[in-house]
Amino acid sequence: MRGVIMGSIKKLIDAYNDLMSTYKSMTANAMNSDKPGTFANNPMMLSFINEIKAKFAIGASYGSDMSNSISLGTMGVDLQRDGTLKFNALNFFNAQADGLQEKLSQGVGVGYISSTNNLKN
């Protein structure tokens, strides 16, 4: 099961990093790129990405009612200075030893605030 959880966390990291890469290219402007993006200087795009970043900062909620929470850093997800995420094996294995599998088996949501305000919705 550890491999499944680790693989899921790595897929989450890859998806987030792909999103941030796409965001940077789509919002590039004449000041920072030779190829301005479709959404250069678009405040709605900035708001959208900031909301996703804020939900990742919340971490993950788990349990049938999502009332318990755990930070992504504790699960092995580190935020880098360039805004990307990186897998931290030491934190992951410590979380595994502390019952991560049991916690996540109860159901999990990243960026969960409520049933209508989360990354899934």
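Residues numbered from 1 in each chain as written. Predicted model: local features only at pLDDT ≥ 70, side-chain atom pairs only at ≥ 80, totals over all residues. Heavy atoms only, no water.

1. Remarks on the nonpolar core
Step number 1: Ranked by internal contacts, the top residues of the largest apolar core, which has 23 residues, are Ile9, Met75, Phe92 and Leu100.
Step number 2: Taken together, the elements giving at least two residues each to this core come down to helix H1 (2–26), helix H2 (43–58), strand S1 (60–62), helix H3 (72–75), strand S4 (85–87), helix H4 (89–97) and helix H5 (100–104).
Step number 3: Ignoring anything within four residues of it in the chain, the contact list for Met75 reads Ile9, Ala60, Ile70, Phe92, Ala95, Leu100 and Leu104. (Core = buried A, V, L, I, M, F, W, Y, C linked by side-chain atoms within 4.5 Å. Buried < 20%, exposed > 50% of the residue type's maximum accessible area, 1.4 Å probe, protein only. Helix = DSSP H or I, 4+ residues; strand = E, 2+ residues; numbered from the N terminus. Contact = heavy atoms within 4.5 Å.)

2. Quick notes on the sheet that holds strand S5 (residues 108–110)
Step number 1: The antiparallel open sheet is built from 3 strands, whose spatial order is S2-S1-S5. Each edge of the open sheet carries a strand with a single partner, namely strand S2 (68–70) and S5. Going across the sheet, the axis of each strand differs from the next one's by a mean of 25 degrees, ignoring polarity.
Step number 2: Sheet analysis places S1 next to S5, joined by 3 bridges and oriented antiparallel. Counted as the bridge partner of Ser61 is Gly109 from S5. (Pairing = 2+ DSSP bridges. Axes fitted to C-alpha atoms, helices over the stretch in contact; angles between N-to-C directions.)

3. A short note on the confidence of the model for the chain
Step number 1: Overall, the predicted model of the chain reaches an average pLDDT of 90, with 98% of residues at or above 70.
Step number 2: When pLDDT is averaged over each element of the chain, S4 comes out on top at 97 and S5 at the bottom at 89. (pLDDT = per-residue confidence, 0-100.)

4. Brief notes about the pattern of salt bridges
Pairing between side chains of opposite charge can happen when their charged atoms approach one another.
Step number 1: On inspection of all chains with the given rule, the structure shows 2 salt bridges.
Step number 2: With its nearest N and O atoms 3.7 Å apart, the salt bridge here joins Lys55 to Glu51. Of the two residues, Lys55 and Glu51 both sit in helix H2, 4 residues apart, roughly one turn of that helix.
Step number 3: Assessed through its relative accessible area of 45%, Glu51 is described here as partly exposed.
Step number 4: As a salt-bridge pair, Asp98 and Lys103 come within 3.7 Å of each other at their nearest N and O atoms.
Step number 5: On the basis of relative accessible area, Asp98 is assigned to the exposed category, the value being 55%. (Salt bridge = Lys/Arg side-chain N within 4 Å of Asp/Glu carboxyl O.)

5. Some thoughts on the environment of Ser67
Step number 1: Note that Ser67 resides in the loop between S1 and S2.
Step number 2: The class of Ser67 is exposed, set by a relative accessible area of 51%.
Step number 3: Once the C-alpha coordinates of Ser67 and Ile113 are considered, the two residues, 46 residues apart in sequence, prove to be 9.6 Å apart.

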